[in-house]
Structures are given as C-alpha cells and as structure tokens.
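So the chains spell out like this:
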Amino acid sequence: MTDDLRDALQRLLVARFAAEADGTITLSPSHERELKAVLDLFREHRQPLPPNVRISRARMDGIGTIDPVAGTVEAGAGVPLARLEQELRQRDLSLGPLSPGMLALDLASFLEGPYAGLRVVPGGRLEALPLALTALMSDGLRFISRPSPRSAAGPDLDALFLGGEGRFGWITSATLRCFQRPRAERTAAYALSAPDAALSSLRTAVARGCWFRRVLLQPERDRVLLQAEVIGPPEGVERDLSSLAHEVFARGGRSQTPVPPAAAPALPEREVSWDELGRGLDEGRAATLYRIALDTVVVSGWTDGGLPLGGRGTPSDWANRDVLQAIAREADPLSVFGGAQ
Amino acid sequence: MSVVPVSAARLPPISGAAHAAAAELGRALKGRISLDEQDRLAYSRDMWPKALLWVREGRIPPPPDAVVWPRDEAEVVEIVRIARAHRIPLIPFGAGSGVCGGVLAVQGGIAVDLKRLERVGRVDPESLTVEAQAGVLGEVLERNLNAQGYTLGHFPSSIYMSTLGGWLAARSAGQLSSLYGKIEDMTVGVRAVLGTGEVVATPQRPRRGPDLAQLLIGSEGTLCLFTAATLRVHPYPEERAFRGLRFRTVAEGVEAMRRLFRAGLRPAVARLYDPFDTALVARSRHKGPATPPSLRGVVRADVLPALTRQLSARTLGRPGWINRAADLFRSCLLVLMFEGEARRTAREEEHARALCLRTGGEDLGEEPARNWYRERYAVSYKMSKVVDNGAFADTMEVAATWDKVLDVYERVRAAVAPVAFVVCHFSHAYQEGCSLYFSFVASGSDDVDQERRYDQLWRTALSAAVSAGATVSHHHGVGLLKQTQLREELGEGRRMLEALKRACDPDGILNPGKLTL
Ligand SMILES: Cc1cc2nc3c(=O)[nH]c(=O)nc-3n(C[C@H](O)[C@H](O)[C@H](O)COP(=O)(O)OP(=O)(O)OC[C@H]3O[C@@H](n4cnc5c(N)ncnc54)[C@H](O)[C@@H]3O)c2cc1C
C-alpha cells in the first residue's frame, strides 16, 4: 500500500485505523458509507487490498427490523450470530439449530466463509439463511437483492457472495429467514447393531422432516449409540421422535436412556459427506453432528476429512475455480478485492 | 427489447452467417440440422400469449435461421464452437412451453433442441439422487423414477410438455413445491456447456466457494446450455391426506396458510383460491362438488370456459364491471394435501386441520382437495372460444414475504381492474411467504387494440406487484416479457449479471436479448 493511500485511509477513519507493530493494518468502518469510502480510496489509488490489511465489519453490527409476520430480521454484517439468536429468542424467533462453530461467528464470516450461510430446514434441505443481501461491489455500487421466499428473476446472484470470501463484493447487511422459536426440545437415545443402520435411520428420519439440533453417534464394540436432540413446536417434536423411533426400530434398534447432554465446547467443525461419516464410524470414531442435511453433515471435533469450516478459505481451493475466477475478474476488473488469485 | 413479428406466410431469409455455419453443423451432427420453413416456423415461439395473439393474426415472432438436434454433450460443445466461430446466436430450446418468450430468436440464429439428450440414470438408493439428461420430458422422467420406486416431486402443470433443461433455465416450480421445493432446491449439481464451449460440472457438497449451479440455474439460455443434472429424489409416497377448508375472507385464508408454514408444517400442496376464483369454478364444467381451478394454463383451462358460458365477449370488454361484481363473492377455498410416510402424513394433516379451524376455517372434508388432485393436469391446449372472439388471457406469478402478500394482492387487483378481469390464487408457500398467481382475461376491439391492451395489462400488473414488494417472477422466468421490471429489480446489482455473462459467454452468442443481456 502506498503512503498516500495509507494517509488517506487514516484521515478517513481516524481511530478506526489501527496499525500493529507487525505491519498488520485493521480498518474498522462503522457503517456502509464508510466502508464504501474505504473501497473508493483503494479504487482511486488503483490498488488491490493488500494481504496485511484487514477490514473488520465488527462495528456494522446493528440489528434492524424484526418482522414477526414474515419471520425475518435485518442484521448488519458484523452482528455476532450468538447475540442475534439471543435477541430473536426474545421475540419468539430463532435462526434455527446452528452449530457452536457457527454461533461463534459474525454474520459476514458465516455468509462469506466456508459455511456459505447455509442452514438446514425440515426435510433435510440446505437453504441460505439470507432471504436478501446488501453488498458493496468493487466499484462502490450497491448490490441489493429483493427479499422474496423464492424467485425466478434470473440467476440467484446472492450465490456469488455466499461462500465467496469477499471476492465478488462485501456483504454489509442481510435480511435473514427465521424460524419460530423452538418451544420444545427432547432427547432420545437408541442402540443399533452397526453404523450403517444408525446412519440410514438418521438420514431417512431427516428426509421425513425430523429436525435435529444435535446428534451424537458413539460406536462401541458391537453396537452404535445414537442420541438425538429434537427441537420444534411440541407437536412437531412428538412427530419427529415418533418418526425417528419408527426408523430405528425398523432396523432392529432399541431404546436407551439418554445421557444428559453436555454443554458443547466450540471444537473445530468440518462438513463431511455421509459416506465419509460412515467410514469414520466404522473406524470407531465418535461424532457429534450438526446441520444434518441430506447432502452432508457438520461434524464437530474431527481433525481430518471433509471440508474444514473454520477460518477463511482461498479462491484457489474453490470448486469450479476457473469459471468463478473468470467471473471475479469481470466483476472486479481492478482487483480491489484481491481479484482472481 | 421489443420484437417485431413477421408474416408467417413469408419468412425472412436465412442469414449469411447461418448458411456458412450450416454446412459445418450438418457435418458435425450427421445431418441433424434443418433450414426448412416448417421447422423455422415451429421453433419461432413458445407459449407466450402475446405470440399466440400474433399467430391469430397470421404473424409470428422472427424465426431462427436453423434448428439443430444434438444427441450428446460432445455435440453440444461442437455446436457452440461452430457458432462462436461464425458469431451466430444459439437459442437453447427445451419443449417450448415457456410463457414469456424465452426462446424467441430475436437476433436470428440457431435453435438448439436438446430433447434428444434424454437419458435417465439409476437412482442411487444411498444418496437418493439420480442423474438425468437435460432434454428429458418431465413426465418421462417422473415415470422412470416411479418405476424405480421414487419420485422427483416436481409437477409443473406443463409436465407433459416441458424438459428438465427448461425447468433449470427458468427456475420452475411444481405443484408440490411446498414440500419438495422448486427445481433449484432439488438440484444437487448441473452439467452445462458454457458460451465458451467449456463443459462445467458442479460437484456435490462438501465443496468450497460459491455455488456455481445457483448462478447458472435461472439463466434462461443466456449463460449455458444445460446437458444434465443430478437431482434429489424421494421414496414414492406411502400415503396422501387431503383437506378442503373454507375461509370467510382472503385475509383469513392467507393468515391460515402463513400459520401453517410458520408452525413448521409441510403440506405438499397449499392453494388458496380468491373468492371469485372459488365461485367461478363451483359453476364450472367439472362434475362433483366445487372443484377449484388450478388456473394453471396460460391458455385458460377453467376460467375461460366458465367465463364463455357466463359472459359475452362484449362484457369482457368492460372488466371493471365484472371485477366489481366479483367483489360480491367473499369466501375462499384452501386446498391442502400432505404426502409421505403414512403415520406422519396423517398427523401433519390433523395438525393442519386443527390450526385452520382455529384460524376461522370451515372444514369441507377431503373432497375439494381430492378433486383438485384428480384434475391437476386438466390443462386445455385448445384456444377457447372466447379467445377466438377477440379476448386474450395470461397469468402472472409473483412472490412476496407474508407481510406483503395481501398488499400485493390488493394492489394488483386494483391496478388491473379497469383493464382486465382478474382472479388469483396463493400457492407455492414457504416459511417466509408464498407465490401469488394471477389470471387475467381481457379483450380488445381489434388486433392492434388487443396488443396495446396486452402490453398495458402487463405493465400495470407487474409494476403494481413490484411496487408492493414482490419479485417479478416466482417460476415462469423473465423471457422477453418482464425485462423492464427485471432491470428495475436488479438495480445496480445488474453489474453482477453482466459480469457473469461476460465470463460465461464472452461473445454474447447465447440467447441474446434475454434477461436484459
Ligand atoms: C399450460 C402450461 C402450464 C405451465 N405450468 C407451469 C408450472 O406449473 N410450473 C412452472 O414452473 N412452469 C409452468 N409453465 C411454464 C413452462 O412449462 C416452464 O417455464 C418450463 O420450465 C419450460 O420448459 P421447456 O422445456 O418447455 O423450456 P422452453 O420453453 O423450451 O425454454 C424456456 C427457456 O429455457 C431455455 N432453455 C431450455 N432448455 C434449456 C437447456 N437445456 N439449457 C439452457 N437453457 C434452456 C430456453 O432458451 C428458454 O429461455 C407452464 C406452461 C404452460 C404452457
């Protein structure tokens, strides 16, 4: 970064410009306009964001309108998800069953990082948490999508920002989909003869509409213990428990007494396929599962396999990298966001 | 982009570029190319009602110069290579059931009919997915899956005459979308040929980075030609449960729907018919108790025949009057259907019924919903008499969050009332909102007047919907019809769409003139 640019940034942000001894610079704009001014400066100086500059959106942490009719909330990019969830619960809403790893993030990191803003909905589908996004594009213009439950108005351009690591633009706020606050939670435990049986019971139950907060799988010498925490409205929880029991018993499983659930420590999380999960269980590895979808599950505590969800990824690891990088080059020709690496 | 129709009796000459490309294409496709007038005529349009108006006048939209029928993905790649070399547009063509003019060859070029890519693989019983080629017709795909013991759960009313590729391109929704989702929800991955000729396959999760599939789905032939997709399937349902309920007002019915979905219930079908729609069909030709119309066709299957019996074309010319009369009707019908595993289905239906009764609903038993199910594909492909007499009909499907749904409904009705007769149903519901499906019938004194009224109707209706917070389309897509409003909806964000276009189709050969591109 040139001295000119550095001075200009310092003048703009004053105390919200922090330079560390190791050369790291943290810029903390407090609202979208200020973030735009920061980006404008980089563009005017025709410089990409250098690796030693971190732009924190932590101050853009406002919680806007909570709409109980549509079940939506407007939130700034810097809102910690745990705080947002707390606020929502007071209004009888919830973001749904998020993992400890997700709850430890702010909104922007959850949306732009490897979690890609995905949560699971009853029926096992992964769905983007935001109904709509506002983001700043590399030319400082605003990308605003329209809040609608679904749309056929061309491609879903929000998809550029979800999991996009900020390469296409920076999310400044979002309208998020909320569930009704789950009023009931029950835990059920079963023993099944083999990992296969446990996983197929679980997967089928998910497909039928069961909604789990967390599931523990513990392989033992000649059986697998499955402990499921089911959430939802009271009637829903009853239905889900009955569906799960039905699947388990159909595969020869038996009920067990649930072990009181321990407080979940925030361990590293990984997104793994069901096949991989099965292989892990076969090898005798226990698994704590979150975001249990038909596609994949999030496993807490595993140190290998699947896709690590902590931290930020780099575009060089992306699937369909060539096409996505070509899009990034077109969307950010001056490479303000680091362009296509 | 406005399109000037041409005389169906005298097609414009084939362009030089098309002639030059034709020889090469003919070799690459072993003769599966046609420059014949009949084929150019047949591929000149889809089911866009405005194009149907032109046809009635002996005119057609500008036709493509040629039509090709690739048999596999490699041939599609070859077509793109040749088209790039000759800078000639390609218009991907599924079954031509689109209703927004998406396949119109506004700059000439070559229609690429993908229906010969029609293979359907074996369902993987572990992952519950299947790979199918993009040209397969919806009904063929569903039957194939049924024979393997599964369902896709995607049932557009056009299932007999639309393809998987067309569904992906236009973000289609089936009648059971509340349970199974729209096509974008059931797609695990896509295979496509970009305008660069590159073949892309989007992998299943876990994977890093933005989901390219969601950027290609909905691109209406402007970014890629879909060749195949991996789709999520479900075991064939064990049981179905049906329920019909009457509500005193639209507001009450919408509130019941909202509560159902907010409570986490997942009916496969939840369709609320507005009062006049409900009343009209109670008088329609179907035998048995009040059968709700699906209002599913553009060439109206239910409303138009009912109207022809009850109204003359002259009365249709005074829509304000009919719309006021329609206000006399109040109660509306909600049709619910649940399906899936037997016990769960019964429990969900019971719960839904109780919730609806608490919201002011009156239980009409199973029959209205069973009737709807029986008649769900009863789409008439014939032009109704009233259409012959100078009327026209169209449908508009928008979507909004629950807080805006009633406002969208009222505003569209108020805006359109002076121009067209209008009914609406609410369907494709989600936790956050639902789709509103308006059907319009109007007439004009002559061809010119009809076209003028048609354009006025759409401008008025869509502006009213969008200004009340709706998105321009829930499942029919944009085509040529909704480009102005799409541009408004995208605002500055349109830059991202342009970036996508430049990256995927740098020469701009894919379906030019659509999606504002
Ligand atoms: C009576 C009637 C009922 C209908 N009901 C429904 C309904 O319930 N739900 C619903 O969603 N729609 C419905 N439609 C609309 C229509 O069926 C859908 O838009 C459908 O998705 C179009 O599929 P198609 O194969 O006919 O595509 P086409 O009409 O051939 O093409 C539509 C668009 O997709 C593009 N395209 C087609 N194939 C490909 C491909 N392989 N790759 C890339 N682009 C491609 C075309 O270029 C065009 O832009 C209905 C239409 C009619 C006439």
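Residues numbered from 1 in each chain as written. Chains lettered and ligands numbered in written order. Predicted model: local features only at pLDDT ≥ 70, side-chain atom pairs only at ≥ 80, totals over all residues. Heavy atoms only, no water.

### Quick word on the nonpolar core
Residue and element names in this part refer to chain B. Among the nonpolar cores identified, the biggest contains 164 residues, and Leu 216, Phe 226, Met 396, Val 412, Phe 426, Phe 438 and Phe 440 are the most heavily contacted of them. Here this core takes eight residues from helix 19 (residues 447-467), the largest share from any one element. Apart from the residues within four sequence positions on either side, Phe 438 is in contact with Asp 394, Thr 395, Met 396, Val 398, Val 408, Tyr 409, Val 412, Val 422, Val 423 and Cys 424. (Core = buried A, V, L, I, M, F, W, Y, C linked by side-chain atoms within 4.5 Å. Buried < 20%, exposed > 50% of the residue type's maximum accessible area, 1.4 Å probe, protein only. Helix = DSSP H or I, 4+ residues; strand = E, 2+ residues; numbered from the N terminus. Contact = heavy atoms within 4.5 Å.)

### Quick look at the pairing of strand 11 (residues 224-232) of chain B
Residues and elements named next belong to chain B. Most of strand 11 sits inside the fold, with nine of its nine residues counted as buried. Sheet analysis places strand 7 (residues 129-133) next to strand 11, joined by five bridges and oriented antiparallel. Bridge pairing links Gln 133 to Ala 228 in strand 11. The sheet contact formed by strand 9 (residues 187-194) and strand 11 spans seven bridges and is antiparallel. Along strand 11, the bridge assignment pairs Gly 189 with Thr 230. (Pairing = 2+ DSSP bridges.)

### A look at the side chain of Ser 145 of chain A
Residue and element names in this part refer to chain A. Tracing the backbone through its elements, the reader meets Ser 145 in the loop between strand 10 (142-144) and strand 11 (170-177). Judged by relative accessible area, Ser 145 falls into the buried class, the value being 16%. Here Asp 158 takes part through its side chain, which lies 2.9 Å from a polar atom of the side chain of Ser 145. In contact with Ser 145, not counting residues within four places along its chain, are Ala 132, Leu 133 and Asp 158. (Polar contact = N/O pair within 3.5 Å; in protein donor to acceptor, adjacent residues only side chain to side chain.)

### Regarding the packing of helix 6 (residues 195-208) of chain A against helix 8 (residues 274-282) of chain A
All names here are of chain A. At a minimum axis distance of 9 Å, the contact between helix 6 and helix 8 shows a crossing angle of 145°. For the pair helix 6 and helix 8, the sense of crossing is right-handed. Mapping the contact onto sequence places Pro 195, Leu 199, Leu 202 and Arg 203 in helix 6 and Trp 274, Leu 277, Gly 278, Leu 281 and Asp 282 in helix 8. Of the residues assigned to the contact of helix 6 with helix 8, the class counts are six nonpolar, one polar and two charged. (Axes fitted to C-alpha atoms, helices over the stretch in contact; angles between N-to-C directions. Left-handed = near helix turned anticlockwise from the far one by under 90°. Nonpolar A, V, L, I, M, F, W, Y, C, P; charged D, E, K, R; others polar.)

### Quick word on the domain arrangement of chain A
With domains assigned, chain A is organised as domain 1 (3-55), domain 2 (63-180 + 323-331) and domain 3 (184-309). Taken over C-alpha atoms, the centre of domain 1 of chain A sits 45 Å from the centre of domain 3 of chain A. (Domains from an automatic or database assignment.)

### Some points on the sheet that holds strand 2 (residues 33-34) of chain B
The strand order across the open sheet built from four strands is 2-4-6-5 (chain B), with neighbouring strands paired in mixed fashion. Every interior strand has two partners, whereas the edge strands, strand 2 and strand 5 (90-93) of chain B, have only one.

### Focus on a negative patch on the surface
A grouping of Asp 196, Asp 275, Asp 282 and Glu 283 of chain A together with Asp 124 and Glu 126 of chain B is seen on the molecular surface, where their side chains present a negatively charged patch. Mapped onto the fold, Asp 196 of chain A is located in helix 6. (Patch = residues over 30% accessible without salt bridge, like charges linked within 9 Å, V, L, I, M, F, W, Y side chains within 5 Å. Areas by Shrake-Rupley, 256 points an atom, 1.4 Å probe, with all protein chains shown as cover. Salt bridge = Lys/Arg side-chain N within 4 Å of Asp/Glu carboxyl O. Lys, Arg positive; Asp, Glu negative; His and termini not counted. Charge placed at Lys NZ, Arg CZ, Asp CG, Glu CD.)

### Quick look at the packing of helix 10 (residues 250-262) of chain B against helix 18 (residues 402-416) of chain B
Residue and element names in this part refer to chain B. Where helix 10 meets helix 18, the axes come as close as 11 Å, and the angle between the chain directions of the two elements is 155°. By the angle between their axes, helix 10 is roughly antiparallel relative to helix 18. Considering the relative orientation of helix 10 and helix 18, their crossing is right-handed. Between helix 10, through Val 250, Ala 251, Val 254, Met 257, Arg 258, Phe 261 and Arg 262, and helix 18, the contact on the second element is made entirely by Trp 402, Val 405, Leu 406 and Tyr 409. (Parallel < 35°, antiparallel > 145°, perpendicular 65-115°, else oblique.)

### Regarding the site of the ligand
Residues and elements named next belong to chain B. With respect to spatial proximity, 37 residues lie near the ligand, and among them Pro 92, Ser 97, Ser 158, Thr 163 and Ala 173 are the closest. The contact in question runs from an oxygen atom of the ligand to an N or O atom on the backbone of Gly 102, over 3.3 Å. Between the ligand and Trp 167, the relevant distance is 3.5 Å, taken from an oxygen atom to a main-chain nitrogen or oxygen of the residue. Protein contact buries 97% of the 970 Å² of open area that the ligand shows by itself. Of all elements in the fold, only strand 5, helix 6 (164-170) and strand 11 reach the threshold of two or more residues within the shell around the ligand. Top contributing element to the shell around the ligand by residue count: helix 6, with five residues. For the shell around the ligand, the per-class residue count stands at 18 nonpolar, 17 polar and two charged. (Near = heavy atom within 4 Å.)

### Overview of the domain arrangement of chain B
Residues and elements named next belong to chain B. Taken as a whole, chain B is organised into domain 1 (8-113), domain 2 (129-235) and domain 3 (239-467). Contacts between domain 2 and domain 3 engage 15 residues on the former and 17 residues on the latter. Between domain 2 and domain 3, roughly 1400 Å² of surface is buried when both sides are summed, and carbon and sulfur atoms account for 54% of that area. A per-residue breakdown of the area domain 2 buries against domain 3 is headed by Gln 175, Ser 178 and Leu 179, which together make up 45% of the total. Taken together, domain 2 and domain 3 are joined by zero salt bridges. (Buried area = accessible area lost by both parts, 1.4 Å probe.)

### Overview of the environment of Leu 510 of chain B
Counting through the fold element by element, Leu 510 of chain B comes out in the segment after helix 21 (494-504). What Leu 510 of chain B contacts, discounting residues up to four positions off in sequence, is Leu 90, Leu 194, Gly 195, Gly 221, Thr 222, Leu 223, Cys 224, Leu 225, Lys 501 and Asp 505 of chain B.

### A word on the sheet that holds strand 2 (residues 25-27) of chain A
Residue and element names in this part refer to chain A. With mixed pairing, three strands are arranged side by side in an open sheet as 1-2-3. On the outer flanks of this sheet lie strand 1 (17-19) and strand 3 (53-55), each paired with one strand and no other. Sheet twist, expressed as the mean angle between neighbouring strand axes with direction ignored, is 15°. Docked against the sheet, helix 1 (residues 3-13) engages strand 1 and strand 2, running at close to 130° with respect to strand 1.

### A few points about the layout of surface pockets
All names here are of chain A. As a volume, the second largest pocket reaches approximately 700 Å³. If you trace the second largest pocket, you find 24 residues lining it, with Val 53, Arg 54, Ile 55, Trp 170 and Arg 312 closest to the centre. Along the lines of polarity and charge, the residues of the lining of the second largest pocket split into 10 nonpolar, seven polar and seven charged. A domain split of the lining of the second largest pocket shows at least three residues from each of domain 1 (3-55) and domain 2 (63-180 + 323-331). (1 Å grid on protein atoms, 1.4 Å probe; cavity = no way out; pocket = protein on both sides within 12 Å on 5 of 7 lines; lining within 4 Å. Points joined across faces, edges and corners; volume = space filled by probe spheres on them.)

### Some words on the state of the cysteines
Tallying each qualifying case throughout the model produces zero disulfides over all chains. There is no disulfide at Cys 178 of chain A, and the cysteine sulfur nearest it, in Cys 434 of chain B, is 18 Å away. What makes Cys 178 of chain A buried here is its relative accessible area of 1%. (Disulfide = S-S within 2.5 Å.)

### Focus: unusual backbone geometry
A cis geometry characterises the amide bond from Arg 205 of chain B onward to Pro 206 of chain B, with omega recorded as -5°. Mapped onto the elements of the fold, Pro 206 of chain B is located in the loop between strand 10 (199-201) and helix 9 (212-216). Look at Arg 291 of chain A: it is not a glycine, yet its phi comes out positive at around 35°. With respect to the element layout, Arg 291 of chain A can be found in the loop between strand 18 (287-290) and strand 19 (296-300). Judged by its relative accessible area of 1%, Arg 291 of chain A falls in the buried class.

### Details of empty space enclosed by the protein
Over the atoms rolls a probe the size of a water molecule, and its path tells where empty space is left. Considering all chains together, one arrives at five cavities of 30 Å³ or more under this definition. For the second largest cavity, the calculated volume is near 210 Å³. Lining the second largest cavity we find 18 residues, and of these Arg 125 of chain A together with Ser 178, Arg 266, Tyr 430 and Gln 431 of chain B sit closest to its centre. Mapped onto the lining of the second largest cavity, the elements with two or more residues apiece are strand 7 (118-121) and strand 8 (125-128) of chain A together with helix 7 (177-180) of chain B. When residues of the lining of the second largest cavity are assigned to their parent elements, the largest contribution, three residues, is made by helix 7 of chain B. Taken together, the residues that form the lining of the second largest cavity break down as eight nonpolar, four polar and six charged.

### Overview of the interface of chain B and chain A
Chain B puts 80 residues into the contact, and the matching count from chain A is 78 residues. Taken over both partners, the interface formed by chain B and chain A buries close to 6400 Å², and the fraction arising from carbon and sulfur atoms is 57%. Of all residues in chain B, the largest losses of buried area upon contact with chain A belong to Arg 205, Arg 208 and Met 496 of chain B, amounting jointly to 14% of the total for that side. On inspection of chain B and its partner chain A, the count reaches 10 salt bridges. The partner of Arg 344 of chain B in a salt bridge is Asp 240 of chain A, and the shortest N-O contact between them spans 2.8 Å. At the junction of chain B with chain A, the criterion picks out 31 residue pairs in polar contact (both at pLDDT 80 or more). Sort the elements by how many residues they give to the side of chain B that touches chain A and helix 21 of chain B lands first, with eight residues.

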